[in-house]
There are 2 protein chains.
Amino acid sequence: MHTNEKIATLRKAMETQGLAAYVVNTADAHQSEYVSDFFKERAWLTGFTGSAGTALVTQDKALVWTDGRYFIQAEQEIAGSDFELMKMATPGYPSVREWLLANLSSGDLVGMNEATLSQKAYEEMSAALDKKGIKLQPLPSLIAPLWQDRPALPSAAIFAHDLEYTGMTASEKIEKMRAKMAEDGADASFIVGLDDVAWLYNYRGGDVAHNPVSLAYALLTEKEAKLFIDLGKVDKNMQNIFHKEGIEVLDYKEAASALSHLKAKKIALDKGLISYQLFKSLPSSVEVLDQTSYVYLTKCCLNPTELACQKAAYKRDSAAITRFLFWLKREVKRQAIDELQAADQLHAWRSQGDKFLEESFGSISAYGPNAAMMHYAPSADHKAQLEAKSFYLIDSGGQYLDGTTDITRTIALGPLSAEEKTDFTLTLKSHIGLASAKFLEGTSGYYLDCLARQPLWQHYMDYKCGTGHGVGYVAGVHEGPQRFSKVYNPLPLQEGMHITIEPGVYKEGKHGIRLENDYVVSFDREFMGDRFLQLEVMSFVPLDRDAIDPSLLTTQEIAWLDQYHQQCYEVLIDQMTTDEERADLKKACAPLL
Amino acid sequence: MHTNEKIATLRKAMETQGLAAYVVNTADAHQSEYVSDFFKERAWLTGFTGSAGTALVTQDKALVWTDGRYFIQAEQEIAGSDFELMKMATPGYPSVREWLLANLSSGDLVGMNEATLSQKAYEEMSAALDKKGIKLQPLPSLIAPLWQDRPALPSAAIFAHDLEYTGMTASEKIEKMRAKMAEDGADASFIVGLDDVAWLYNYRGGDVAHNPVSLAYALLTEKEAKLFIDLGKVDKNMQNIFHKEGIEVLDYKEAASALSHLKAKKIALDKGLISYQLFKSLPSSVEVLDQTSYVYLTKCCLNPTELACQKAAYKRDSAAITRFLFWLKREVKRQAIDELQAADQLHAWRSQGDKFLEESFGSISAYGPNAAMMHYAPSADHKAQLEAKSFYLIDSGGQYLDGTTDITRTIALGPLSAEEKTDFTLTLKSHIGLASAKFLEGTSGYYLDCLARQPLWQHYMDYKCGTGHGVGYVAGVHEGPQRFSKVYNPLPLQEGMHITIEPGVYKEGKHGIRLENDYVVSFDREFMGDRFLQLEVMSFVPLDRDAIDPSLLTTQEIAWLDQYHQQCYEVLIDQMTTDEERADLKKACAPLL
């Protein structure tokens, strides 16, 4: 069906329901950042396939909102349809809510899928629209009846995440969460995040590409620990493990009934994650403590076992990337390689590594101007041939049994223009500015964000995205609550938090540069009564000296770089497989000057 | 009366009133930062004379809270009395509110002076104490009857601030405020801040030392503009001026009655400034729009006339300070000079300057370890002799008809230790880090604050205060809403805002270093759709090259310094009065290397 036919069919369904507008968000029933194909209603409707976006259809408008990462991609993908791009957080563009308030009238109904609309979004949006007499009406999906070839719900079996990787048994984790519940006077806790449920019960799954989680809920009370999951995904072995840990396994669909029969005084849950549909099954007698889950706020600080595993995973992952980049720099001069082939080669080496599960997200393998699209992905139809000049950018990561990785390198495939070299070096300054920070305990990632932006702002350049994000542990590659961003977030960085630093320069039609490493927040020292933290690097892939203009670096920046390269050498040398690789590594890691 | 006698007498008065605790804040009825002597109840009671602090007395405890600027001074001043120091924002010390909640019981009454307790503080504190059944009871001051030799209320005449300094007539300003009221649907606005009232009606006064303001309120409606002020302060000339501008002058004490008879639907006022006592006179039929005053949020961006004046004032002020520092560096080797004499010398030169009114605050003239007390002031009893070694710090400012200044220099009076030189250079790096920032329009001072702290955090040092504050225009030396601070403040910096940068290193018993310049936020350039702002320096006093270790500076930092010194030279050379001063200036402003 052409996009415009889909719009037309949806408009008929809206008419039947008496809706003035229908909004399609990008979500599953758990507000997962990445969703399985079954849930990709917005992508199906609009043709825009980026991971974030919201569509809005009225009888005469078809709009799709997305963020700065996807402006270019979205424009390309919706071209030829009636959809218009709305740029989030951009002057001149209203938000979805503002648009509705400006364009709808009192008495109008706005429909949304009740299964993928969070209770919090429902409450906030209702309150905002109410002011103009507009009503938000959650209802069963209007897309579902139209989507003929809809993919099935995922059914991958789950598997145990063993103690050597978790450092804590599920029952120990459950007890820890119960202690936190007790502090808040909550006698129940309902956990909606797929990463949270998997971490709490020490299993992993395969429901969402790149995210080893499984559609599931957890319900903890003072005595019980329940897991709601498609029973077909739980084999005998897992049943035994859950039984030993005191976890009762029930079908995914039982969650609503369990909530409606809940005997509890006060339940802790995150209204931002639970669906409108599920929330309404809670008895009104149960007090709701709306907050980020105890699990989310616990697992964001890696325990010693997890941290040791995560570091080991980065060491192996870094070697695969380093070998790939050495190979590419050599081979691009000798053979024809396109963006997909390059990504495939990295996949080949990465997947040969110990404990590999899958990529942690679709690799961004981008040559030249393609890299200016922050989240570009090549496809069979759209892919560029690499040339022995300008920049190649690879942003990729792995899911391993012992960790999740995410790293970006931009390398020179041959000669660079002065502008390219300057932009690369400024990006490097930006990265080092934040990576070398020392900071008082209690400092937020928001407060530190400026250290990365300032070197680029000095040259009037700003990247339209965050500077870094938290990374889950064998789970989502974007997990919080920690982040580096110029969007306010008061959360202090805490020891054990895994976080990326990834500033960039993006010039449409020219080039895209991003340099991403991964850090763990660690204790540095105490002085004059103050406790200072630092960022300890975990990813070790040399930064391309061919792209650096040393005259733009300070002595301290060069010292940071030389020390980082020394560490890279030590971590990687034994993982190089040929004399050629070892020679390349030696050259890549030598002092800059 | 000895402090302990005062405590004992207060306790008897508390018993009579049935109060479990009595809290004495530092405030007048306008929540002015600096108050006239009449209002210094907390200082009278405790002996601690710093500009910020709160005392709390129960039948068995006498406590005084203050912030990091005053820890050392407060300890010294309360020594020998029963008062104990409570350090604000310091782990292990509860706030006043926390202390009351932890130590009082349900049914207990807490008294406070109703005339100096803001409505907002009343509401917030009441709500917090209510939770434990403790009641906040505003009442007439308990200190007033005890304070025998209380100073009189100030009575200085006000004077016109002429159009050449204001750039706008009072009636133009009033119309501008009325337009803002209309946007909010407010048909009245009550203005409490002394700086706001003076700015709005284009006058200045002399009620508070260093603050050319006068105790007054303004009430604007759609048709009326009232000024409530002690009529004895308004001479014939001023009466004529006010009359021409359509301003009705009423006695200060009429404000309560005017509010109680107010015929308005909606009044805009700042509950954080208006007193409990005055607020309660408002009829309940009038809706209250609680917000920072329109005047405050307008005058924080200097208009072109004000900015030109402010820059001119800095040029003259900078010359006085520069001449003073040259003199001091020479004379300390030749004659005995103490901290007070030094400050007097600066006063002599500053006050000879054109348009001088008074100092904008009590000069901090501090030698050696005294400068570690951020807000130290020498007195006849406590003053140090300057020696031809180590650091001298002078933080001072002037009130001029055409602007308000505030600047700090730390200079070497002779040989420095390596530690002193390092700390000075790090403070300089910190200053330059923020001063040279370029930033996207919409960026807050909070977000940028890190640029100043990071160079010091790299060496595990943190100053326990903000990095910079807004400066009023011929008014308070601390005026907002703009500031550089690691306390969150989302307010974007805007063109025309006057703001200081003043990082420091403070080592108790060793030395204190602070380098403060003054900037105006100005437009830099637009690039790739982004609008960038910068900080344009307005104060021009050479930074002491004798205290700088150039090996710690980057090429960019040295370039900033050299350019700044070049500007200093150009601004100052014609204001030097002797060949010796001109030679000193030339040396002080030469390129560093």
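Residues numbered from 1 in each chain as written. Chains lettered and ligands numbered in written order. Predicted model: local features only at pLDDT ≥ 70, side-chain atom pairs only at ≥ 80, totals over all residues. Heavy atoms only, no water.

1. Some words on the sheet that holds strand 6 (residues 135–139) of chain B
All names here are of chain B. An order of 4-3-2-1-5-6 is seen for the six strands of this open sheet, with the pairing classed as mixed. In this open sheet, the two edge strands, each paired with only one partner strand, are strand 4 (84–87) and strand 6. Each adjacent strand pair in this sheet contributes to an overall mean axis angle of 25°, direction not counted. As paired elements, strand 1 (residues 21–24) and strand 5 (residues 109–113) share three bridges and run parallel to each other. Within strand 5, the position partnered with Tyr 22 by the bridge is Gly 111. (Pairing = 2+ DSSP bridges. Helix = DSSP H or I, 4+ residues; strand = E, 2+ residues; numbered from the N terminus. Axes fitted to C-alpha atoms, helices over the stretch in contact; angles between N-to-C directions.)

2. Here we look at the relation of the copies chain A and chain B
For these two chains of identical sequence, chain A goes onto chain B by a turn of 180° and a shift of 0.0 Å along the axis, with RMSD 0.1 Å. Given the turn and translation reported, the copies of this chain are related as if by a two-fold rotation axis. Measuring from the rotation axis to each C-alpha of chain A, the shortest distance belongs to Tyr 447 of chain A, at 2.8 Å. A share of 100% of interface residues in chain A that are also interface residues in chain B marks the association as one of identical surfaces. (Least-squares fit on C-alpha atoms with pLDDT ≥ 70 in both. Contact = heavy atoms within 4.5 Å.)

3. Re the pattern of salt bridges
All told, the structure shown has 78 salt bridges over all chains when counted by the stated rule. A salt bridge links Glu 175 of chain A to Arg 178 of chain A; its shortest N-O distance comes to 2.9 Å. Of the two residues, Glu 175 of chain A and Arg 178 of chain A both sit in helix 7 (residues 170–183), three residues apart, roughly one turn of that helix. Of the residues examined, Arg 178 of chain A reaches a relative accessible area of 15% and is grouped as buried. The salt bridge involving Asp 462 of chain B is made with Lys 486 of chain B; its shortest N-O contact spans 3.8 Å. Of this pair, Asp 462 of chain B sits in the loop between helix 16 (445–457) and strand 22 (468–469) while Lys 486 of chain B sits in the loop between strand 23 (483–484) and strand 24 (498–501), placing them 24 residues apart in sequence. For Asp 462 of chain B, a relative accessible area of 12% translates into the label buried. A residue is classified by how much of its surface remains accessible, and Lys 486 of chain B, at 34% relative accessible area, is partly exposed. Residues participating in the shared-partner salt-bridge network are Asp 449, Arg 453, Asp 462, Lys 464 and Lys 486 of chain A together with Asp 530 of chain B. (Salt bridge = Lys/Arg side-chain N within 4 Å of Asp/Glu carboxyl O. Buried < 20%, exposed > 50% of the residue type's maximum accessible area, 1.4 Å probe, protein only.)

4. A look at the sheet that holds strand 17 (residues 391–396) of chain A
In any sheet, the strands associate via hydrogen bonds between backbone groups, in a parallel or an antiparallel arrangement. All names here are of chain A. Read across the open sheet, the three strands follow the order 16-17-20; overall the sheet is antiparallel. Edge positions in the sheet fall to strand 16 (364–367) and strand 20 (407–412), since each has one partner strand and no second. The mean inter-strand angle of the sheet, taken between neighbouring strand axes irrespective of direction, is 10°. Sheet topology places strand 17 next to strand 20; six bridges connect them, and they run antiparallel. Following the sheet pairing, Phe 391 is matched in strand 20 by Ala 412.

5. Overview of the packing of aromatic side chains
This model, assessed by the stated rule, comprises 44 aromatic pairs over all chains. With centroids separated by 6.4 Å and ring planes inclined at 75°, the aromatic side chains of Trp 457 of chain A and Phe 532 of chain B adopt a geometry described as edge-to-face. Placement of the pair is Trp 457 of chain A in helix 16 (residues 445–457) and Phe 532 of chain B in strand 28 (residues 530–537), with the two residues belonging to separate chains. On the accessibility criterion, Phe 532 of chain B (0% relative accessible area) is buried. Here a set of aromatic residues connected by ring pairs shows up, and it is made of Tyr 446, Tyr 447, Trp 457, Tyr 460, Tyr 488 and Phe 532 of chain A together with Tyr 446, Tyr 447, Trp 457, Tyr 460, Tyr 488 and Phe 532 of chain B. Looking at Arg 150 of chain B, its charged tip hangs above the ring of Phe 38 of chain B, at a distance of 4.0 Å from the centre. Seen from the ring of Trp 349 of chain B, Arg 323 of chain B lies directly overhead, with NZ or CZ sitting 4.5 Å from the centre. (Phe/Tyr/Trp six-rings, centres within 6.5 Å; stacked < 30°, edge-to-face > 60°. Lys NZ or Arg CZ within 6 Å of the ring centre and 35° of its normal.)

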